[in-house]
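Breakdown of the fold
Chain by chain, the residues:
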Amino acid sequence: MLFDLDNVQKSYGNFEALKGITLQIEEGSVGLLGPNGAGKSTLIKTLLGLLEMTRGSASVLGHRLPEQAHKIRQAIGYMPENDCYLPYMTAVRYVSLMGELTGMPRSEAFSRAHETLYYVGLGEARYRKLSGFSTGMKQRVKLAQALVHGPRLVFLDEPTNGLDPQGRDEMLDLINDVKARGVSVVLSSHILYDVERVCESVIMLDQGELIHCGPIDALKADKGERVIEIQTKEDDERFRQALISRGFDVEREGFRLLVRLGADADPLAILDVALEEGIQVRHFMPGELTLEKAFLTLLDEHNEAATA
Ligand SMILES: Nc1ncnc2c1ncn2[C@@H]1O[C@H](COP(=O)(O)OP(=O)(O)OP(=O)(O)O)[C@@H](O)[C@H]1O
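Sequence positions are assigned chain by chain, starting from 1 and proceeding in written order. In view of the model being predicted, local features appear only for residues whose pLDDT reaches at least 70, and side-chain atom pairs are presented and counted only at 80 or more, with totals across whole chains, interfaces and linings using the full set of residues. Based on all heavy atoms of the structure, the side-chain values leave hydrogens and waters out of the count.

**Some thoughts on the overall build of the protein**
The number of helices and strands found in the protein is 11 helices and 14 strands. Projected onto its principal axes, the C-alpha coordinates of the protein cover approximately 75 × 50 × 30 Å. For the protein, with 308 residues in total, the buried portion stands at 49%. Across the protein, every contact between residues at least 6 apart in sequence was considered, and the portion connecting residues at least 24 apart equals 69%. Here the Shrake-Rupley method, with its probe set to 1.4 Å, supplies the accessible areas, and only the displayed protein chains count as covering residues. Accessible area for the protein stands at about 15000 Å²; split by element, carbon and sulfur atoms hold 49% of it. Averaging the coordinates of the 34 positive side-chain charges in the protein and doing the same for the 46 negative ones gives two points 7 Å apart. A run of H or I in DSSP becomes a helix once it reaches four residues, and a run of E becomes a strand once it reaches two; helices and strands are each numbered from the N terminus. Three labels apply to residues, based on accessible area from a 1.4 Å probe with only protein chains included: buried if under 20% of the type maximum, exposed if over 50%, partly exposed otherwise in between. Every residue pair with non-hydrogen atoms within 4.5 Å of one another is taken to be in contact. Just so you know, the count uses Lys and Arg for positive and Asp and Glu for negative, and it drops His and the chain ends. Positions of charges follow a simple convention, taking NZ of Lys, CZ of Arg, CG of Asp or CD of Glu.

Right, dumping it as structure tokens:
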């Protein structure tokens, strides 16, 4: 089991940042989602044993908190959102120092630092000082320090921050490769597309409360939305009106109509309308269900329940 939490609560003074989180999740890849201030960083730091929970009980990879926090820290790697490196050090010295801090002997940490830097694509740059690294290189070195000791689980906090599209793509490929080597991944990101590319499950928080924990596919099927792109041979305004009069949610975008359907609606019902109206459809493209929509729906439902 990756995490087993029972009523975990964390307060800063009088402010309750985690309001009694109960969840179980198996090893694998998990997205941690929530708006700003939802409690994601507080949850990560609590599970790392860096913050003491105010109430409740939790275990990570079968190790109990707080008694076995040192075992948890040896078994996991952490890539923080903010810069965490020492700028005057070379990449290899820094990554090997981070390995030593997890308890590895110096010589082993040094050889693992070389291997890990090659693995993240910084082999050529390993003797350069970190102060001269680009944003993309800094993100890779942060990943390397999280992996140097061979953890079973890595927490990655916004790993694609500041990266251009190609850098982002490469970082996500690298994370997927880490995953394929049997390491569990917890990915905290505001970019839901990244979460979908890497994770099988999600934990969603809002204002310190758990609003969802489970597989992404089931969530999308339950709360997602499908967008169908349509072009007609002629007179798409008449088709748009016909769809609207039958209760469809239709928007125009350039030469296309976009029809939004609930996850369980049948896209072929649109073609039935075309048939009834004698309209020829020449482009009909069902889009993917999105995690983004599912996430926003859950947040709306949570806010409505909170204000009711
Ligand atoms: N040391 C602290 N003292 C007091 N309040 C804090 C402290 N750290 C966090 N908080 C508050 O706890 C709440 C949760 O913060 P946290 O950083 O865990 O959220 P987050 O989901 O990680 O947000 P973000 O996406 O903005 O990083 C916020 O309201 C924040 O202001």
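Alright, that's what it looks like, and here's the rest.
**Here we look at helix α4 (residues 106-119)**
For α4, built from 14 residues, the straight-helix expectation of 20 Å at 1.5 Å per residue is met to within 8% by its first-to-last C-alpha distance of 20 Å. Of the positions making up α4, those classed as buried are Ala109, Ala113, His114, Thr116 and Leu117. Among the structural elements, α3 (91-101) and α5 (135-147) are those in contact with the buried residues of α4. Just beyond α4, the residue with positive phi is Gly121, at close to 90 degrees. Take the residue count of a helix, subtract one, and multiply by 1.5 Å to get its expected span.

**Quick look at the layout of surface pockets**
Lining residues are defined by having an atom within 4 Å of a point belonging to a cavity or pocket. Those points lie on a 1 Å grid over the protein atoms alone, cavities being sets where a 1.4 Å probe fits but cannot get out and pockets being open sets with protein on both sides within 12 Å along at least five of seven lines. Grid points are joined across faces, edges and corners, and a volume is the space filled by probe spheres set on the points. In this model, the largest pocket occupies a volume close to 320 Å³. Within the residue set of the lining of the largest pocket, elements represented by two or more residues are α2 (69-75), β6 (76-79), α3 and α5. Quantified by volume, the second largest pocket comes out at close to 210 Å³. In terms of lining residues, the second largest pocket is bounded by Arg112, Glu115, Thr116, Tyr119, Leu147, Gly150, Pro151, Val178, Arg181 and Val183. Here the residues of the lining of the second largest pocket sort into five nonpolar, two polar and three charged. Side-chain classes follow a simple rule in which Ala, Val, Leu, Ile, Met, Phe, Trp, Tyr, Cys and Pro form the nonpolar group, Asp, Glu, Lys and Arg form the charged group, and the remainder, Gly included, forms the polar group.

**Overview of the sheet that holds strand β3 (residues 29-33)**
Only strands that DSSP links by at least two bridges are regarded as paired with each other. Ordered in space as β6-β7-β8-β3-β9-β10, the six strands form an open sheet in which the pairing is mixed. The open sheet is flanked by β6 and β10 (209-215), the only strands paired with a single partner. Each strand of the sheet is rotated relative to its neighbour by a mean of 15 degrees, with strand direction disregarded. By the bridge criterion, four bridges tie β3 to strand β9 (residues 201-206) in an arrangement that is parallel. Axis definition: a line fitted to C-alpha atoms, limited for helices to the stretch in contact. Angles are taken between N-to-C directions and run from 0 to 180 degrees.

**Points about the packing of α5 against helix α6 (residues 165-180)**
The N-to-C vectors of α5 and α6 enclose an angle of 10 degrees; their axes lie 11 Å apart at closest approach. Considering their axes alone, α5 and α6 lie roughly parallel with respect to each other. Contact residues: α5 offers Gln139, Arg140, Leu143 and Leu147, while α6 offers Glu170, Met171, Leu174 and Val178. In these notes the angle categories are as follows: under 35 degrees is roughly parallel, over 145 is roughly antiparallel, 65 to 115 is roughly perpendicular, and the rest is oblique.

**Let's talk about the domain arrangement of the protein**
Many descriptions give the size of an interface as the accessible area lost when the pieces come together. Here the domain parsing of the protein yields domain 1 (3-219) and domain 2 (223-288). Those domain boundaries reflect an automatic or database domain assignment. On a C-alpha basis, the centroid separation for the pair domain 1 and domain 2 is 42 Å.

**Section: the packing of helix α9 (residues 236-245) against helix α10 (residues 268-277)**
Taken N-terminus to C-terminus, the directions of α9 and α10 make an angle of 120 degrees; their axes are 10 Å apart at the nearest point. Here α10 runs oblique to α9, going by the angle between their axes. α10 is crossed by α9, and the crossing has right-handed handedness. In this structure, α9 contributes Arg238, Phe239, Ala242 and Leu243 to the contact, and α10 contributes Ile270, Val273, Ala274 and Glu277. Should the near helix be turned anticlockwise from the far one by less than a right angle, the crossing is left-handed, and should it be turned clockwise, the crossing is right-handed.

**Structural notes on the sheet that holds strand β13 (residues 256-262)**
The strand order β12-β13-β11-β14 describes an open sheet built from four strands, whose pairing is antiparallel. Both edges of this open sheet fall to β12 (249-253) and β14 (281-286), since each of them pairs with a single strand only. Between one strand axis and the next, the sheet turns by 25 degrees as a mean value, whatever way the strands run. As paired elements, strand β11 (residues 225-232) and β14 share five bridges and run antiparallel to each other. By the bridge assignment, Gln231 is partnered in β14 with His283. In the packing of α9 onto the sheet, contacts are made with β11, β12, β13 and β14, and the angle to β12 comes to roughly 160 degrees.

**So, empty space enclosed by the protein**
Under the definition given, this model contains one cavity of 30 Å³ or more. Put simply, the largest cavity is a space of about 50 Å³. In terms of lining, the largest cavity is formed by Phe3, Leu23, Leu32, Leu43, Ile44, Leu47, Phe155, Val186 and Ile203. Looking at the lining of the largest cavity, the element that brings in the most residues is helix α1 (residues 40-47), giving three residues. A per-class count over the lining of the largest cavity returns nine nonpolar, no polar and no charged.

**Quick notes on the site of the ligand**
Taken together, the neighbourhood of the ligand is formed by Tyr12, Phe15, Ala17, Pro35, Asn36, Gly37, Ala38, Gly39, Lys40, Ser41, Thr42 and His190. Under the rule applied, a polar contact is a pair of N or O atoms within 3.5 Å (in protein, one hydrogen donor and one hydrogen acceptor; residues adjacent in sequence only if both atoms are side-chain atoms). Contacts to the ligand include Tyr12, whose side-chain N or O atom sits 3.5 Å from a nitrogen atom. Contacts to the ligand include Thr42, whose side-chain N or O atom sits 2.5 Å from an oxygen atom. When the ligand sits alone it has 640 Å² of accessible area, and the protein chains cover 59% of it. Throughout, the term near means that a residue has one or more heavy atoms lying within 4 Å of the molecule or strand in question.

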